[in-house]
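Spelled out, the chains give:
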Amino acid sequence: MKALEDAIQTAKGNARVIGKLLREVCAASPRAAALVEQDLANPELSLEGCWKALKDYARKHQAGGFWGCAVFGADPENEVVKVVLDFYRIPPEWIGEGQTEPAEEAAPAPVLAPAGGAIDLMSLL
């Protein structure tokens, strides 16, 4: 993802934020990462171009002079993420592909008290 990291480093303002969101999208999808690396070679598909597309979308969908949408991760149901995915022509179903469910954590082993019922706290260190 060298092209993306380079683009993030040179981007300014909200275009840099778009790059960081794309970083999350690419982490969630190897195919998206390959597509974004290829697309960033095209000046029309720059981070600044994506930010402009998002700004245009926001202006068209504002209500009462405001449009806002919190973004937490690369959720393909989020409006901002949808605009970014659409701009780079990344199918939403690519997000999360190849990821496995996190393994369940093993329950900690029970601490057994000695026969007398007392626990020496120093032995726990």
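If you're wondering where the values come from, they're calculated on a predicted model, not measured in any experiment.

Asker: Help me get a handle on helix α4 (residues 47-61), residues and values and all.
Answerer: Spanning 15 residues, α4 covers 21 Å between terminal C-alpha atoms, matching the ideal 21 Å at 1.5 Å per step. For α4, the complete set of buried residues consists of Leu-47, Gly-49, Cys-50, Leu-54 and Ala-58. Buried positions along α4 lie against α1 (2-10), α2 (14-28) and α5 (79-87).

Asker: Tell me about the nonpolar core, and please be specific about residues and values.
Answerer: Counting 31 residues, the largest nonpolar core has Leu-4, Leu-47, Tyr-88 and Ile-90 as its most contacted members. Of all the elements in the fold, those that place two or more residues in this core are α1, α2, α3 (30-39), α4 and α5. With 7 residues, the top contributor of residues to this core is α2. Every residue in contact with Ile-90, bar those within four places of it in the chain, is listed here: Val-25, Ala-32, Leu-35, Val-36 and Leu-85.

Asker: I'd like a rundown of the layout of surface pockets, residues and numbers included.
Answerer: Over the atoms a probe the size of a water molecule is rolled, and this reveals where empty space is left. By volume, the largest pocket is sized at about 150 Å³. Considering the residues around the largest pocket, the lining is formed by Asn-14, Val-17, Ile-18, Leu-21, Glu-24, Trp-51, Leu-54, Val-71, Gly-73 and Val-80. Contributing elements (two or more residues each) for the lining of the largest pocket: α2 and α4. The element contributing the most residues to the lining of the largest pocket is α2, with 5 residues.

The rules behind these values
Residues numbered from 1 in each chain as written. Predicted model: local features only at pLDDT ≥ 70, side-chain atom pairs only at ≥ 80, totals over all residues. Heavy atoms only, no water. Helix = DSSP H or I, 4+ residues; strand = E, 2+ residues; numbered from the N terminus. Expected span 1.5 Å × (residues − 1). Buried < 20%, exposed > 50% of the residue type's maximum accessible area, 1.4 Å probe, protein only. Contact = heavy atoms within 4.5 Å. Core = buried A, V, L, I, M, F, W, Y, C linked by side-chain atoms within 4.5 Å. 1 Å grid on protein atoms, 1.4 Å probe; cavity = no way out; pocket = protein on both sides within 12 Å on 5 of 7 lines; lining within 4 Å. Points joined across faces, edges and corners; volume = space filled by probe spheres on them.

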